[in-house]
Amino acid sequence: MGNRGLWHHTACLGVAVAALSIGSVASAAPDKGTVSVLNWWTSGSEAKSMNVLSDMLADQGYKMVNDAVSGGGGSNARTVLKSRIQSNNMPGAAQIKGPEIQQWCQAGMAMNIDEVAKQQDWSKILPGPVAKGMQCDGHFVAVPFNLHRINWVWINKSALKKAGATMPSDWNSFVAALDKLKAAGITPIAGGGDTWQVATEFDAIALATGGADFYRNAFVDLKPDALSSDTMVKALSRLRTLQKYEDANDQGLSWNHNTGAVVKGEAGMQIMGDWAKGEITNAGATPGDQVACMAMPGEHSGFVYNADSFEMFKKSNSDKAAQYAFARTALSPEFQRKFNMAKGSIPVREGVSLDGFDACAQKAQSDFEAAEKNNALVPSFSQDMAETGAVKGALFDVIAKFYNNKNMSAEAAAKQMASQAKQAKLMSSM
Ligand code: BGC
């Protein structure tokens with residue numbers, strides 16, 4: 001992913017000075033235009049993170065209308081976006097990730113934002129694959145905000161202590177700690193039932209069990225051999241194991257509710273991307289302190305990444321100048337620090353200082369760099385980074401079927417993954 005070796009730790013001075021300029025022009029400026037932004041950031045920390053942007057835009061004289069649609073992972077927001085095309089009411093920017101950026105662009109909807117990209121030199125300040133993902137036919141059409149890591153486990157340290165368990169370091173000690181939590185009457189893992197949350201757990205398990213090559217073969221290249229492999233069967237069996245530690249009554253509870261349960265010690269752990277960290281901070285706890293972070297244990301290490309991004313639309317209800325300001329401000333060093341501190345992610349812009357970020361963000365950063373060196377960075381299949389919606393939907397269906405039917409074997413689920421992914425890919429290319 002480009003050379004991020006010097007990332008965050010150099011050029012910070014220059015960056016900090018440049019950052020100061022945005023706010024100062026600001027307050028006296030008249031209303032220069034409005035941008036509406038469709039997104040699914042509705043939890044406490046997500047809303048706070050988005051406010052950083054509307055405040056910074058307001059300081060420059062622009063108004064941001066925050067069209068937030070609830071639902072972790074964004075499936076409701078996607079439905080709303082599609083229906084807004086029909087009613088000719090497209091937002092100026094919408095939260096769209098991975099290959100879907102290209103799909104919207106191929107449909108002729110995306111706005112060219114090369115002018116802003118050129119001013120800020122996006123090809124230089126963004127990691128290569130991220131910069132590439134924001135382009136279509138050689139033109140920038142979307143702006144990235146951050147880098148989230150998916151393969152995390154969040155652990156309430158007091159709950160662990162109360163249960164007489166120690167911090168796990170591998171798969172077996174992880175399961176042993178879950179057993180102790182269960183015996184102590186504490187829900188071991190918050191988050192059973194909701195398909196998106198279960199798929200997010202499986203995302204982490206798959207990398208830890210099979211490693212980056214397996215992950216890419218299965219979820220990026222959709223190779224039937226990998227999807228139906230013994231490794232996939234092993235990963236699915238691990239999901240079945242973890243299911244025993246989840247409360248079936250958690251069905252219907254949001255991811256942020258579940259993070260709250262871990263912060264309060266009502267549950268011992270949550271397997272979730274580091275937007276959970278945003279909620280931990282927002283609840284007044286310190287990530288890495290009261291709530292520890294651990295990469296999902298298994299035979300393999302690596303980093304499953306997810307870059308939140310916003311695609312701009314040309315025929316929209318927004319003003320072009322405000323759309324440009326939105327994109328420009330999102331990649332300003334000041335926004336990158338403030339937003340990512342609140343959101344739980346790390347800056348996507350290179351050269352932004354991580355001073356003042358919590359221990360888990362520092363770990364995310366160093367694990368990212370290690371994974372980059374070892375070719376162990378993979379785009380998250382559960383967060384739409386690896387495939388288009390149709391294929392992801394097919395994989396989610398199998399995961400949900402497997403989770404909800406305890407009689408379904410891991411072998412049968414792996415076989416179905418291979419056949420359904422292939423079919424979905426075929427259908428979506430027609
Ligand atoms: C997004 C995160 C968001 C999470 C929960 C993920 O797909 O990338 O930014 O916080 O969903 O809503």
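Note that the structure is a prediction, hence the values are computed from the model and not measured.

Caption draft 1: Molecular detail of the packing of aromatic side chains. By the definition in use, this model includes 19 aromatic pairs. Judged by centre distance (5.5 Å) and plane angle (45 degrees), the rings of Trp41 and Phe339 are tilted. Remark: Phe339 occurs in helix 16 (residues 333-343) and Trp41 occurs in the loop between strand 1 (33-39) and helix 2 (44-59); sequence separation between them is 298 residues. Residue classification places Trp41 among the buried positions, given a relative accessible area of 2%. Look at Phe335 and Phe339: their rings are 4.9 Å apart centre to centre, the planes differ by 25 degrees, and that puts the pair in the stacked class. Taken together, the positions of Phe335 and Phe339, both in helix 16 and four residues apart, correspond to about one turn of that helix. By the burial criterion, Phe335 is buried, and Phe339 matches it. Taken together, the ring pairs in this structure connect Trp41, Phe145, Phe310, Phe326, Phe335 and Phe339 into an aromatic cluster. The residue whose ring lies beneath Arg149 is Trp152, and the NZ or CZ to ring-centre distance is 4.6 Å. Just above the ring of Trp171 sits the side chain of Arg238; from NZ or CZ to the centre is 4.6 Å.

Caption draft 2: Representation of the domain arrangement of the chain within the structure. Each assigned domain of the chain is listed here: domain 1 (4-147 + 307-373) and domain 2 (152-305 + 376-428). On a C-alpha basis, the centroid separation for the pair domain 1 and domain 2 is 27 Å. Of the residues lining the interface, 30 residues belong to domain 1; the matching set on domain 2 comes to 28 residues. With both sides pooled, the region where domain 1 packs onto domain 2 buries about 2,400 Å², and carbon together with sulfur makes up 60% of that total. In terms of surface lost to domain 2, no three residues of domain 1 exceed Pro99, Cys360 and Ala371, which account for 20% of the buried area on that side. If you look at where domain 1 meets domain 2, you find two salt bridges. One salt bridge in this structure joins Asp384 and Arg78, with 2.7 Å as the shortest N-O distance. Counting the contacts that link domain 1 with domain 2 gives 10 residue pairs in polar contact (both at pLDDT 80 or more). Of all the secondary-structure elements, those providing two or more residues to the side of domain 1 that touches domain 2 are helix 2, helix 4 (100-106), helix 16 and helix 17 (359-373). The residue inventory of the side of domain 1 that touches domain 2, partitioned by class, reads 11 nonpolar, nine polar and 10 charged.

Caption draft 3: Examining the site of the ligand more closely. Among the 14 residues in the neighbourhood of the ligand, the closest are listed as Glu46, Asn306, Asp308, Lys343 and Gln383. Within the side chain of Lys97, an N or O atom sits 2.8 Å from an oxygen atom of the ligand. Asp308 places a side-chain nitrogen or oxygen 2.6 Å from an oxygen atom of the ligand. Coverage of the ligand by the protein amounts to 100% of the 310 Å² it exposes when considered alone. For the shell around the ligand, the residue count by class is five nonpolar, five polar and four charged. There are two domains that each give the shell around the ligand at least three residues, and those are domain 1 (4-147 + 307-373) and domain 2 (152-305 + 376-428).

Caption draft 4: Structural detail: the nonpolar core. Of all hydrophobic cores here, the largest spans 145 residues; its most connected members are Trp122 and Phe326. The element best represented in this core is helix 10 (residues 195-220), accounting for 14 residues. Summarising the domain contributions, this core has at least three residues from each of domain 1 (4-147 + 307-373) and domain 2 (152-305 + 376-428). Excluding residues within four positions of it along the chain, Trp122 makes contact with Ile113, Val116, Ala117, Ala131, Phe140, Ala142, Val143, Ala327 and Leu331.

Basis of the calculations
Residues numbered from 1 in each chain as written. Predicted model: local features only at pLDDT ≥ 70, side-chain atom pairs only at ≥ 80, totals over all residues. Heavy atoms only, no water. Phe/Tyr/Trp six-rings, centres within 6.5 Å; stacked < 30°, edge-to-face > 60°. Helix = DSSP H or I, 4+ residues; strand = E, 2+ residues; numbered from the N terminus. Buried < 20%, exposed > 50% of the residue type's maximum accessible area, 1.4 Å probe, protein only. Lys NZ or Arg CZ within 6 Å of the ring centre and 35° of its normal. Domains from an automatic or database assignment. Contact = heavy atoms within 4.5 Å. Buried area = accessible area lost by both parts, 1.4 Å probe. Salt bridge = Lys/Arg side-chain N within 4 Å of Asp/Glu carboxyl O. Polar contact = N/O pair within 3.5 Å; in protein donor to acceptor, adjacent residues only side chain to side chain. Nonpolar A, V, L, I, M, F, W, Y, C, P; charged D, E, K, R; others polar. Near = heavy atom within 4 Å. Areas by Shrake-Rupley, 256 points an atom, 1.4 Å probe, with all protein chains shown as cover. Core = buried A, V, L, I, M, F, W, Y, C linked by side-chain atoms within 4.5 Å.

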